[in-house]
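Residue-level structural notes
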There are 6 protein chains.
Amino acid sequence: MEMFNKYCFIGCDTDFEESNLVIFGAPFDGTCTFRPGSRFGPYKVRIESYGLETYSPYLNRDLEDYKVHDAGDLDLTFGNTFSALENIENFAKKIIAKNKKPLMIGGEHLVTLPVVKTVYGKYKDLIILHFDAHTDLRENYMGESLSHSTVIRRIWDFIGDDKIYQFGIRSGLKKEFLWAEKGGHTFINKFGYDKLSEIVSVIKDKPVYVTIDLDILDPSIFPGTGTPEPGGISFKNMLEILKTIDSLNIVGADVVELAPDYDPTGVSTAVASKVIRELMLVMQDF
Amino acid sequence: MEMFNKYCFIGCDTDFEESNLVIFGAPFDGTCTFRPGSRFGPYKVRIESYGLETYSPYLNRDLEDYKVHDAGDLDLTFGNTFSALENIENFAKKIIAKNKKPLMIGGEHLVTLPVVKTVYGKYKDLIILHFDAHTDLRENYMGESLSHSTVIRRIWDFIGDDKIYQFGIRSGLKKEFLWAEKGGHTFINKFGYDKLSEIVSVIKDKPVYVTIDLDILDPSIFPGTGTPEPGGISFKNMLEILKTIDSLNIVGADVVELAPDYDPTGVSTAVASKVIRELMLVMQDF
Amino acid sequence: MEMFNKYCFIGCDTDFEESNLVIFGAPFDGTCTFRPGSRFGPYKVRIESYGLETYSPYLNRDLEDYKVHDAGDLDLTFGNTFSALENIENFAKKIIAKNKKPLMIGGEHLVTLPVVKTVYGKYKDLIILHFDAHTDLRENYMGESLSHSTVIRRIWDFIGDDKIYQFGIRSGLKKEFLWAEKGGHTFINKFGYDKLSEIVSVIKDKPVYVTIDLDILDPSIFPGTGTPEPGGISFKNMLEILKTIDSLNIVGADVVELAPDYDPTGVSTAVASKVIRELMLVMQDF
Amino acid sequence: MEMFNKYCFIGCDTDFEESNLVIFGAPFDGTCTFRPGSRFGPYKVRIESYGLETYSPYLNRDLEDYKVHDAGDLDLTFGNTFSALENIENFAKKIIAKNKKPLMIGGEHLVTLPVVKTVYGKYKDLIILHFDAHTDLRENYMGESLSHSTVIRRIWDFIGDDKIYQFGIRSGLKKEFLWAEKGGHTFINKFGYDKLSEIVSVIKDKPVYVTIDLDILDPSIFPGTGTPEPGGISFKNMLEILKTIDSLNIVGADVVELAPDYDPTGVSTAVASKVIRELMLVMQDF
Amino acid sequence: MEMFNKYCFIGCDTDFEESNLVIFGAPFDGTCTFRPGSRFGPYKVRIESYGLETYSPYLNRDLEDYKVHDAGDLDLTFGNTFSALENIENFAKKIIAKNKKPLMIGGEHLVTLPVVKTVYGKYKDLIILHFDAHTDLRENYMGESLSHSTVIRRIWDFIGDDKIYQFGIRSGLKKEFLWAEKGGHTFINKFGYDKLSEIVSVIKDKPVYVTIDLDILDPSIFPGTGTPEPGGISFKNMLEILKTIDSLNIVGADVVELAPDYDPTGVSTAVASKVIRELMLVMQDF
Amino acid sequence: MEMFNKYCFIGCDTDFEESNLVIFGAPFDGTCTFRPGSRFGPYKVRIESYGLETYSPYLNRDLEDYKVHDAGDLDLTFGNTFSALENIENFAKKIIAKNKKPLMIGGEHLVTLPVVKTVYGKYKDLIILHFDAHTDLRENYMGESLSHSTVIRRIWDFIGDDKIYQFGIRSGLKKEFLWAEKGGHTFINKFGYDKLSEIVSVIKDKPVYVTIDLDILDPSIFPGTGTPEPGGISFKNMLEILKTIDSLNIVGADVVELAPDYDPTGVSTAVASKVIRELMLVMQDF
C-alpha cells in the first residue's frame, strides 16, 4: 500500500539544500486589469503535472535525473502591491544566496520584477529574454508605475539599453513600439521569434534570465490567461524556442499569466505544466 | 425602426440633475483573497437587467414612476487600493453634494468604506444595516488594514459603538464574534435576521445606510461570489428583508460581491439585478 | 450480451397503437427573446431520463405498469413560426384522433398554443392550469402576436373568461396583472399556489389541460431556462402540486422551457425528467 | 476622476454625421437550426473590445486616426424573419443615403441579405467576397427560402452569375457544390483562399462587399459559433486575407455568426473583436 | 516571509501518532455508472477548505482545539475493484489498530464497504447511520455484486437486520423498498429525517458509523455529484442532522460522492468542505 | 409532417443484414486514471453528427451511397474490466462472422483489445496502424495488466514483432520508447507521421486494422479527452492521414478517447464526428 499527496510538481522532490534548481509559486494578480485569476496558476500546474511523465521525448531527458526542489507557494497579500513584491524579492534572495537557480511560476507578469532585480544583483551583465504577446513597456498604467503593463519598462529602468530582447509581441500602444524601436531601448521581434537564433549566438556567453508570459502562445492552445491575443505561436513553436535557448547559461526564469479559471477544458494548465517541465530540463547544466 | 444600446440599468435613464437616486458601479476587487472577479459585477447587472421588467409585483411599484440616474462605472486602478477608494469617495461626494442618494454596485465589500464615510459626513447619527455571511470585523488581514475582511471594522473605527447591525452572519474568526459580542461594539444576528423587525422599530427615526453583501444569500441561488458560504438565506428571505426596511429613511446603500465569472448559468446576476431593482424601489420616498 | 440505444424516455417503449399516453418533443424556440436553446430540451430529457428509475416513491407507482409511447421529436422549421405551430397542431390531432392523451415536451412556451387548440377542439369545457413565473398575457410582443410572452393571451382569445388559472406568477408588466385581475379574464395566484386545492375542488369534474413552464421553479434548482426568475417554488412544492392535481381528469399536458445549454451541472435536466415522470404517472387513470 | 461606460466599440466614438464608417449590430438568429445565440454577438464584441488596443501592429494604423461611429444594436423581433430583415434594410438605407459605409456585426448569416440588397441598390456592378466554411447555396432549407443556409443563393437571385467569390468552403450538400461549379454561378475556392490574390487583381476596380462568416476560422481558435467545422483557416490566415483585400474598394461589409455562449473562454469574442478592428482599418481610404 | 503549501485540510496538521481522528481520501469511482469523477473529490475539498475558517459558529468549536491528522489520499487502481477495496481496508486497519477514528473522504459510495468492515471488526454491535438519496440495496447491479448501488446491501450481508438506519432516501427500485420495508432488514426514513431524533435516543449507547452520501442534499446546493436527485434536504437540514447526532458515540465515518467536475461554480466543494469540518467537530469527545 | 429521432449516426441507417460496415459504441472508461468520461463519447457523436452533412468535399464521396449500419451502444459493466472486454469481443465476433467490417467508437483505448483480437482471429497477417499521443506500451500500470496504458503491449503479446506501427507519439516512459526502439518490437514515428507514406507502400497487400486515439490531435482542436497532450497534429493533418491510408485494405477500425464532458464548446465532438465520417468513407471498397 503506497500513500502520498500529489501536491509537489512531478519529479521535483529533492530537498532544498541538495537541489540546484528551486521552483516556487507567486500567486499574485493584484494589478491585472482585464481578467484576474493568475493567482490560481501555481497550485493548478502542480496538480495537473501528474498528467505528465517526467521524461521528455523532445529533449530525451528525464526530470528524475536532476535535482529540483519545489518550495511551494509564497503567501502574498492582495491590495498592497509593494509588500507582495517585497516578499517575492526576499524569497528570491534566499535562493540566490545558496547558489541555486530560481524558476518562478506566476501569477501576473509584475512578479517578474523582484526576481530579475535579485538575479541582476548577482549578474550585472544579465540579459533578458522576454517572450510575450504584449510589449509591457508603458511608463505607467492608469496612473500606476507598478503594473503588469509596465513590468519590462521597470526592468529597463535599472538594466538599461541593449539588454532586453522581446519576442512574439503582437499588441501594444503605438508609442510603446516607437519607444522601443526608435529609442533603441529594447529589441522587439514582432509576431514571432525568427531573430532568436541570431541573438542566441550573440549572447551565448552571458548570463540570461528567461521570462515567459504564456500569452505568447495562441489562445487556441492557451485560452486560460488574462488577455488572450489571437495570432500567437503554437506549442511546437514554444518547444523550438526552448531547444534554441538550450545552449544558453540560463541563471533564472519564470513562467507567468496562467489563469486556470478561464480554462474549462484544462488544456492551458496542461500546456503550462509541459512548458515548465521542458524549461526545467533546459535549465540544467551538463 | 427603434434603435438603442441597452447599456443602462433598465428604467434608470433620468438625467443626473433631475434624478433623486444615483446608481453607479465600483468595479474594484483588488483585496479579494479567494476568488476575484467582482470587478465584472456592475456591467453584468446592467446587461442582464433587460431580462427584468421595471414593475415589481412584490412592492406594486414601477421603476418608470421614479427618477433614477445610472451614472455608469468608475474607472478604478488595480494594485493601489488607496487611490481606488479615493476615486469612489470623490464620486460619492458629488452625489451627496447635490442632495441625491447614492446606490453603489460593487465590486468587493471594501468599496463600501468611502461611501459610508461620505454619507456619515452628512449624517452624524447614521445607522449601518449590514447584510452578509461574514463578520468583516478583522483588525487587519494578512497585514493589511484595508481589506474586504476588515471593512466593517474600519467603519466602526469612525462610527463607533451601537451603530452597526449585522445580519445573516455565519462565518468568521472566533475572536471576531467575541469582539462584537463581548465588547458590545456591533450587534450580530447570527445565521438569519429574526431580530430585524425589532431593530427597525428602534432605529426608525434615524438616517440609515444599507450595505448588502450578496453572499448573505445561500449559494444555491447565488453561487457567483468570491467566498460562497452554504447555509444562507433564500431570495424570498431577501424580499422579506427589503419589505421590512421599506419604512426606514435609507440615505445611501450598496450591493456588493457579485462575481459573474463564477456564475455560468447567469442566475446570480439575475438575482443581483432583482435585488437592486427592489432596493431602488424601497429607497424612494412616498 | 444486451444491446440497445437509450434514446427513448425511460419506461416509455409501448407501441403507439397500444399506448394511452403519447409523449413527443417540440424543439422550437423561435420567438424566444432572451436566452434561446429550449430547442435542445426534448432530446436532453430523454438521454438523462436514464439517471432515473421508473418507480416513483412519491406516488408509489411504476412507469413500467403503464402504456406510454415516446414518439420522438417533431422536425420543426425555424424562422417561420406559423409553419412550426401548424406542424405541432397536425401531430396533436393525430394523437387526439386515436383517443390518446398528448404530453408535449418543449421547446418554448408558444408551442402550447396548437396543442391546447387541438384539445379544446374535443373538450369545449376545457380548463387550463398554468404554472409559470410569467403572466404570458401580453397582447403582443415587439409587434408580434405569436410569442412566448403572449401565449396564454392567445389561448384566452378562444377559450375566454373563467377558464384559465395561473400559479406561481412573479413577473410581468403592470398592465398584464391589471388586465387579468381587474378585467377578471384569468385567475392569477401570485408567487405561489396556495389557492390550488380550492380550485381543484371547483374544477374537479372538468377536463383539464396542464401547462408547466418549468421557470415556475426557483432558479436555484432550475437555472437552465430562458428567463430565470429568482423567488420561485421548490421541487418539493412541484411534487405537492402534482399530488394535488392527481385526482383531476387531465386530458393533455406539456412541460416547457428547459434550455439545457444554460445548465452546466445537468441538474435542470434531471429536474425536468423527474417532473415529466411524475406528470405521466399523474395522468394515468386508475 | 474619469468616468464612462465602456459600451461603444473601442475607438468608435465619432458622431454619426461626422463619421465615414458606421458599425451596427444585428442581433438576430431566428433561422439558426443548430446552436442559436449569435444574437449575443454584437454586445459581447463591444464589451470585450476593451481588451484590445486601438493600434494595429499588423497594419501600423490606429483606429483613433479614423472616423467611425458605433450606432449600437438594432432592436429586432424574433419569430418573424421578414420583419427583422426589413428593419435591417431600413437602417442600411439610412447609412448609404448619407454616403457612409456600413459594417454590420451579426447575428446569423441571413442578416447579410438586406445589407447587400441595399448596397447593390447603389452599386450595380457590386462584387461579393464571401468567406465561410459553408456554401450557403441551398435553394431552400426545411421548406424555407430565407435561411442562414440559403443566404448566398438569395443574393445570387438578384446579383447573378460571376459576381460572387467564395473562400474557405469545406461543408455543404453535394448538389450545392455542383450547382456552383457545374452551373458556373459562383466561384468556390474550396478549403482555403489560394485563389484570392488572383481574384483581387481581377476585381480591383469594382466596388466590393465583404461578408465574413467567422466559422471560416478553425474551431480551435473560434469555437463560439453555431456550426463549428474543423479544418478551417487560422487567425494568421485571416490577417493575410485582410491584407490581401486592403487595396480593394470595399463599400460595405459584415462579420457574422459569433455565438458567445458557446465560448466559455472568451477567445472567440477576442478573435471577432480583432477581426472587426482590422476590417475597419482596411475599409479606410487613404 | 511565511511560506507553505495549502494542501492539507485546514486545521488538520497534527502528526499521525498524536492525532485521535485521521482523515484520508479514497479517490475511487470505478463502479460509477452515470457521471464519474468522484475520484477528484478528496483533493478538491482540501484545496477549497482554505475558503473556510477553522471555527464553527454553529457548534461554537474550533478545529484548532482538536487533534486531527490529514493522511492524504490513497493511491488506488482503476479497473480492479477488488484490489482498490483491499487497499482501503488495509489503511483503515492501520488507523483502527492505533485506536484512532477514521473519517474517509470518497470517492464513490462503494469505498464505504471496507471501512465499515474494519470498524465492525472492532465493534460487533456497530450501528450504521446512512444518509443518502438512494437505497443502495440492490442484490447486484448489471451483474456485479460490488457496486455503488449495492454497497448497503453488502454491509447488511455481514451486519444483519436492525443495524442499518437510512435517511433521506428518495430513489430506488420498487423491490429495494419492499426488501427493506417488508423484509424488515433496514429502516428507511423516506425523503427526510423526521425519525432521526427518536432513533438517536434508541441507539445512544452503541458505537455508531456514519456514512454520508452527499447526494442526500438537494442538487440546488449540491449539483456536483454522480446522480443528482431533486427533492433533497437543505444544507441547514444537514447542520441539524449533525447537531442531532452530536451526542452519539461515532467511531468512524465517511463523506462520499462529491464529483467536482460537475460543479463549475465550486459550491458543491464548499458544501462538502463544511460538512466535513462540522462532522470532524461532532466526532470529538468532550 | 416528418417525424423522427435523430439518434443514429447520420447516414448510417442501413439494416444490419444488408450492411457491409457496422459501427457500434463501447462506452467503457473503467481503467482511465486521469479524467474519466469517454463513456459518453458514443452517444454524443451520434447526436452531433447532425451538424454534419453526409457528403465529404475532401473525398468527394457521400455516406448515402454506402451501406453502413449503426448498431447502437453495448451495455457494459463498470468495475469489472474483464467482463466488459468479453462483451465487446462477443459483439465483434458477431460482426466478423457475417463478413462485415467493425468500426467501434470508444470509450477508452483498452476497448481496442477485444476487437483486434477478434479481427486477428480471421486475419493472421494483420497489421496495426496506431495513431496516438501515447505509447500505450507499459507492461502493466499500477499493478494491472489490462489498462488504457498497456493496450498496445497486450496486442503485441499475441501479434508479435513487426506488425505494429505507431504515429504521433509524444508521451511515454523512457523505458517504453527503449523497449520499442531498442527491442525492435514496434515501429514508433515520434511526434508526427512523416514515415506513413513509406509504410503504406510496404503494407499495401496486408489486411490492416486502424486504431485512432483522438488525443493524437492537438488539444487546441481536441481538448475533450482524458489526457490532453499539447504538441499534437492538426485536423488537416488527420485528413491527410486518412487520404494516405485510403488505398489500404482496412478490415476493422476504432476511434477512441472522446470525453465530451471536458469539451464545453462541443468542438471535440464535432471533430470526432467528422473523423468517423471520413474514416467510414475510407473503409469502403470501390
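Residues numbered from 1 in each chain as written. Chains lettered and ligands numbered in written order. Predicted model: local features only at pLDDT ≥ 70, side-chain atom pairs only at ≥ 80, totals over all residues. Heavy atoms only, no water.

This is how it is decided: UniProt positions are given in the numbering used here, feature names are shortened, and annotations may be inferred rather than shown by experiment.
An unreviewed UniProt entry annotates chain A as Agmatinase originating from Maledivibacter halophilus. Turning to chain A, the UniProt annotation filed under Sequence similarities (unreviewed entry) states: "Belongs to the arginase family. Agmatinase subfamily."

1. Focus on the packing of helix H2 (residues 81-97) of chain E against helix H3 (residues 112-122) of chain E
All names here are of chain E. Condition: Angles run from 0 to 180 degrees between N-to-C directions of axes, and those axes are lines fitted to C-alpha atoms, restricted for helices to the stretch in contact. Helix and strand definitions here come from DSSP, where helices need a minimum of 4 consecutive H or I residues and strands a minimum of 2 consecutive E residues; each element is numbered from the N-terminal end. Crossings are assigned a handedness: left-handed for a near helix turned anticlockwise from the far helix by less than a right angle, right-handed for a clockwise turn. We call two residues in contact whenever any of their non-hydrogen atoms come within 4.5 Å of each other. Gly is put with the polar residues, along with every residue not named as nonpolar or charged; the nonpolar set is Ala, Val, Leu, Ile, Met, Phe, Trp, Tyr, Cys and Pro, and the charged set is Asp, Glu, Lys and Arg.
With their axes 8 Å apart at the nearest point, H2 and H3 run at an angle of 35 degrees to one another. Judged by the twist between their axes, the crossing of H2 over H3 is right-handed. For the pair formed by H2 and H3, the contact residues are Leu85, Ile88, Glu89, Ala92, Lys93 and Ile96 on the first element and Leu113, Pro114, Val115, Lys117, Thr118, Val119 and Lys122 on the second. Residue classes in the contact of H2 with H3 are distributed as eight nonpolar, one polar and four charged.

2. Points about the packing of aromatic side chains
All names here are of chain B. Defined as follows: Between 30 and 60 degrees the pair is tilted, below 30 it is stacked and above 60 it is edge-to-face, where a pair is any two Phe, Tyr or Trp rings, Trp via its six-membered ring, whose centres lie within 6.5 Å. Here the term buried applies to any residue with accessible area under 20% of the maximum for its type, exposed to any over 50%, and partly exposed to those in between, with areas from a 1.4 Å probe on protein chains only.
Considering all chains together, one arrives at 48 aromatic pairs over all chains under this definition. Seen from their ring centres, phenylalanine 24 and phenylalanine 91 are 4.9 Å apart, and the 70 degrees between their planes marks the pair as edge-to-face. Residue phenylalanine 24 is located in strand S2 (residues 21-26), and its partner phenylalanine 91 is located in helix H2 (residues 81-97); the two are separated by 67 residues in the primary sequence. The two residues phenylalanine 24 and phenylalanine 91 agree in class, both being buried. Seen in terms of ring centroids, tyrosine 120 and phenylalanine 158 are 5.2 Å apart; in terms of plane orientation they differ by 45 degrees. Their pairing is tilted. With tyrosine 120 in helix H3 (residues 112-122) and phenylalanine 158 in helix H4 (residues 151-159), this pair connects stretches of sequence that are 38 residues apart.

3. Regarding the UniProt feature "binding site: Mn(2+)" (unreviewed entry) in chain A
Residue and element names in this part refer to chain A. The condition is simple: By the criterion applied in these results, polar contacts are pairs of N or O atoms within 3.5 Å in which, for protein atoms, one can donate a hydrogen and the other can accept it, and in which residues neighboring in sequence qualify only through two side-chain atoms.
Following the UniProt record, the feature "binding site: Mn(2+)" (unreviewed entry) maps to His109, Asp132, His134, Asp136, Asp213 and Asp215 here. In summary, the annotated positions, though distributed over 107 residues, converge in three dimensions, the widest C-alpha pair being only 12.3 Å. Of note, aspartate 132 is situated in the loop between strand S6 (127-131) and helix H4 (151-159). Taking the relative accessible area as the measure of exposure, aspartate 132 reaches 0% and is therefore buried. Ignoring any residue separated from it by four or fewer positions in sequence, one finds aspartate 132 in contact with His109, Phe167, Gly168, Ile169, Asp213, Asp215 and Ile216. Polar contacts involving the side chain of aspartate 132 include one to the main-chain amide nitrogen of histidine 134, which spans 3.0 Å. Topologically, aspartate 215 is positioned in the loop between strand S9 (207-213) and helix H7 (235-244). Apart from the residues within four sequence positions on either side, aspartate 215 is in contact with Asp132, Ala133, His134, Arg170, Phe222, Thr225 and Thr227. A distance of 3.1 Å separates the side chain of aspartate 215 from the backbone nitrogen of alanine 133, its partner in a polar contact.

4. Structural notes on the interface of chain A and chain B
Where interface size is quoted, it is often the accessible area lost as the parts come together. Note the cut-off: Two parts lose some accessible area (1.4 Å probe) when they are put together, and adding that loss for both gives the buried area. Just to be clear on terms, a salt bridge is a Lys or Arg side-chain nitrogen sitting within 4 Å of an Asp or Glu carboxyl oxygen.
Contacts between chain A and chain B engage 24 residues on the former and 24 residues on the latter. Where chain A abuts chain B, roughly 1700 Å² becomes buried across the two surfaces, and 52% of that area is made up of carbon and sulfur atoms. If you look at where chain A meets chain B, you find zero salt bridges. Linking chain A with chain B are ten residue pairs in polar contact (both at pLDDT 80 or more). Taken together, the residues that form the side of chain A that touches chain B break down as nine nonpolar, nine polar and six charged.

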